Amino acid sequence: MSENKSTEQAPVDTSDLIAVRRAKLEALRAEGQDPFRANWAQTHTSAEAVKSYEAWEAEQPPLPEEEGAHREDCPDEVSVAGRIVVFRVMGKASFVKILDRDGQIQLYVTRDGLPEGIYNTYFKKLDLGDIIGARGTLFRTKTGEITVRVSAYALLAKALRPLPEKFHGMSDSEQIYRQRYLDLIANAESRERFQTRSKIVKEIRQFLWGRDFTEVETPCLHGVAGGAAARPFVTHFNALDCDFNLRIALELHLKRMLVGGFERVFELGRVFRNEGLSRRHNPEFTMLEVYQAYTDHRGMMDLIQGLIRHLCENVLGTFQIKRADSDEVIDFAAPWREVTYKELIIEAAGDADWFSRSKTDKLAACEKLGIQVDPELEDFAVTNDVFEKLIEPKLIQPTFVMNIPKELCPLAKISEADPDTIDVFELCINGQEIAPAYSEQNDPDVQRTMFMEQVGDDIQNLDEDFLMALEHGMPPAGGMGVGIDRLVILLTGAANIRDTILFPSLRPRV
RNA sequence: GGGUCCUUAGCUCAAUCGGUAGAGCAGUUGACUUUUAAUCAAUUGGUUCGGGGUUCGAGUCCCCGAGGGCCUACCA
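This is a predicted model, so every value here is computed, not measured.

Turning our attention to the overall build of chain A. Assigned secondary structure in chain A consists of 14 helices and 18 strands. For 510 residues, the compact-globule estimate of 2.2 N^0.38 gives 24 Å, and the C-alpha radius of gyration of chain A, at 30 Å, exceeds that figure by more than 25%. Along the first, second and third principal axes, the C-alpha set of chain A runs to 90 × 65 × 50 Å. The burial tally for chain A puts 45% of its 510 residues in the buried class. Excluding contacts between residues fewer than 6 apart, the proportion of contacts in chain A whose partners are at least 24 apart in sequence is 63%. Of the roughly 27200 Å² of accessible surface on chain A, a fraction of 50% belongs to carbon and sulfur atoms. Here chain A contributes 60 positive and 83 negative side-chain charges, whose respective centroids are spaced 7 Å apart.

Here the focus is the protein's contact with RNA strand B. Within the structure, RNA strand B sits among 58 residues, and Arg88, Asp112, Thr143, Gln454 and Arg498 are positioned closest to it. Sugar plus phosphate: this is where 58% of the atoms of RNA strand B within 4 Å of the protein reside. Side-chain polar atom of lysine 166 to a phosphate oxygen of RNA strand B: 2.3 Å apart, as the coordinates give it. Side-chain polar atom of glutamate 275 to a base oxygen of RNA strand B: 3.4 Å apart, as the coordinates give it. Those elements giving two or more residues to the surface near RNA strand B turn out to be α1 (17-30), β1 (74-90), β2 (93-100), β3 (103-110) and α4 (173-178). Considering each element in turn, the surface near RNA strand B owes the most residues, 5 residues, to α4. Residue composition of the surface near RNA strand B, grouped by class: 21 nonpolar, 17 polar and 20 charged.

This paragraph deals with the pairing of strand β18 (residues 477-483). Here β18 lies mainly inside the structure; 7 of its 7 residues are buried. Looking at chain direction, strand β11 (residues 284-293) and β18 are connected through 7 bridges and run antiparallel. From the neighbouring strand, alanine 293 faces β18, where its bridge partner is alanine 477. Bridging between strand β17 (residues 432-439) and β18 involves 3 bridges; their strand directions are antiparallel.

Moving on: the sheet that holds strand β15 (residues 399-405). Spatially, 8 strands are ordered β6-β10-β11-β18-β17-β16-β15-β14 in an open sheet, and the strand pairing comes out mixed. The open sheet has two edge strands, β6 (214-215) and β14 (337-340), and neither has a second partner. Docked against the sheet, helix α6 (residues 188-210) engages β6, β10 (264-272) and β11, running at close to 155 degrees with respect to β10.

Backbone geometry places aspartate 212, a non-glycine residue, at a positive phi of 70 degrees. When you line up the elements, aspartate 212 lands in the loop between α6 and β6. With a relative accessible area of 60%, aspartate 212 lands in the exposed category.

Checked against the element boundaries, leucine 277 lands in the loop between β10 and β11. With a relative accessible area of 46%, leucine 277 lands in the partly exposed category. Put simply, leucine 277 and glutamine 320 are 43 residues apart on the chain and 30 Å apart in space, counted from C-alpha to C-alpha. Residue contacts for leucine 277: discarding those within four places in its chain leaves Asn282, Pro283, Arg498 and Ser505.

Quick look at the environment of glycine 144 now. Take glycine 144: it is sitting in the loop between β4 (131-140) and β5 (146-157). Residue glycine 144 is classed as partly exposed on the basis of its relative accessible area, which comes to 27%. With 76 residues separating them in the primary sequence, glycine 144 and glycine 68 have C-alpha atoms 12 Å apart.

Glancing now at the packing of aromatic side chains. Overall, the coordinates contain 12 aromatic pairs when judged by the stated rule. Ring centres of phenylalanine 400 and phenylalanine 425 lie 4.9 Å apart, and the angle between their planes is 80 degrees; this geometry places the pair in the edge-to-face category. Placement of the pair is phenylalanine 400 in strand β15 and phenylalanine 425 in strand β16 (residues 421-429), with a sequence separation of 25 residues. Each member of the pair, phenylalanine 400 together with phenylalanine 425, is buried. Among the aromatic side chains, those forming a connected cluster through ring pairs are Phe87, Tyr119, Phe123 and Tyr153. Positioned over the ring face of phenylalanine 213 is arginine 264, at 5.8 Å from the centre of the ring. It is lysine 342 that lies over the ring of phenylalanine 355; its NZ or CZ is 5.5 Å from the centre.

What counts, and where the lines are drawn
Residues numbered from 1 in each chain as written. Chains lettered and ligands numbered in written order. Predicted model: local features only at pLDDT ≥ 70, side-chain atom pairs only at ≥ 80, totals over all residues. Heavy atoms only, no water. Helix = DSSP H or I, 4+ residues; strand = E, 2+ residues; numbered from the N terminus. Rg over C-alpha atoms; globule rule 2.2 N^0.38 Å. Buried < 20%, exposed > 50% of the residue type's maximum accessible area, 1.4 Å probe, protein only. Contact = heavy atoms within 4.5 Å. Areas by Shrake-Rupley, 256 points an atom, 1.4 Å probe, with all protein chains shown as cover. Lys, Arg positive; Asp, Glu negative; His and termini not counted. Charge placed at Lys NZ, Arg CZ, Asp CG, Glu CD. Near = heavy atom within 4 Å. Polar contact = N/O pair within 3.5 Å; in protein donor to acceptor, adjacent residues only side chain to side chain. Nonpolar A, V, L, I, M, F, W, Y, C, P; charged D, E, K, R; others polar. Pairing = 2+ DSSP bridges. Axes fitted to C-alpha atoms, helices over the stretch in contact; angles between N-to-C directions. Phe/Tyr/Trp six-rings, centres within 6.5 Å; stacked < 30°, edge-to-face > 60°. Lys NZ or Arg CZ within 6 Å of the ring centre and 35° of its normal.

Here it is, written out as structure tokens:
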């Protein structure tokens, strides 16, 4: 050991974790070894290796009952790779756990199992966080853990910085968001949540493809940011020398697709709203919008119910979800409640004549109900505050809120049954809005009038190109929007929208 | 945007009334060929987020700034 010291090395500050690792790196380079390999032939992931051993074991004769009985290794060699997350050297034998995309697998490495000299000179100098590949046969340790008996290994990528602490993981929320990769290495729940998110997105596509929907991609850069009422992010298009908005919704282009004869379309895409951040808001978030010709909001009710049940079945494996902050269970299998907006308001206000009262009376009633309402709001908005503050938070089980006042949705058809309202539902679950859906407005003149009321004097915010498309004729259709991030919150029990977004918006660190 | 709380070693956290900044993990050295947060022994490591102030003395009190959490506001 002491003879190796002859190669001249700058004294290493052993207190500096990075310097120690850099010194190890330099030592390897000085010997002509490459601490950053180009590839490794991985034959099994951790889970695949375990599975293959179990399959082999099932065909072996049972072990005798006597003490110390053990099996020979499974003869098939496996090659695994991953990041070292546990490193226990016990003299001439070591246990190492590596983390790969499926999870962890244990490696058993001994001095005599490796080529001569390797164990002491190189293996023991590996660090937590290093990425290695290893080959060997599988066996069970005396505690029963399926383990690779390593006959060869290679350092594939040296980690120059230490991992977060192994037991408590990483809990500094700022670091979790800014250095998500560390969170993913250190915190298994986080890793699983994002895998679940990915499965949800995959199964949404499977479900819609299965119903003959076509996935399309429409522009993010919009001349007029329409389809919702939110402040857009503005950017400048140099070649055309004009300002563009990042889209705030997918709606108006997908409806152009309906005009163009794509009768069943959807888009899963990022939208951007230049508004505040909160536990439930991130300025860029993912929307699913679905449009289906020759159906209406009723058809959308079947679709969303089918979609969410499909996700329960294929992603979660259950129709019952326990709420994060209480013992209440959300049951997606039971029939979903259907109730009109007016019924809910009348019930919450305890006033059958609510809708014929003056705004002054409504404001007085709000005070009695214990909610603060801005007196400057328009009449319908006062009522909607009652809905948002008093009713929505209590809609825990899946509930279709039907017949919303027409002022709230300028892109939907007026209801024949109640002309003050539109053919719309808002699906509320777990106290929040999960999916609004409409019978889409396809009368270009009515649409223009509704737009004019919405934009007021701001006439340049009128999407004339969209109105022209409608004039060419859009088939009757049902349409629906789903905030994917909030759906993931619901299905994973996440506390915060940021826990469902890999890299949430944060102020840049200078 | 407003309110409020937080920021101490690489990570997770202590530090009494304002009195020399500590521990576990990680690291380093040594022992150990079936460990499971391995164990045992020894040991290194601090611009207490940044700047200013009060004080004999500041991690602790005050002011300014930075970043973050929560609440709230805007958000069909």
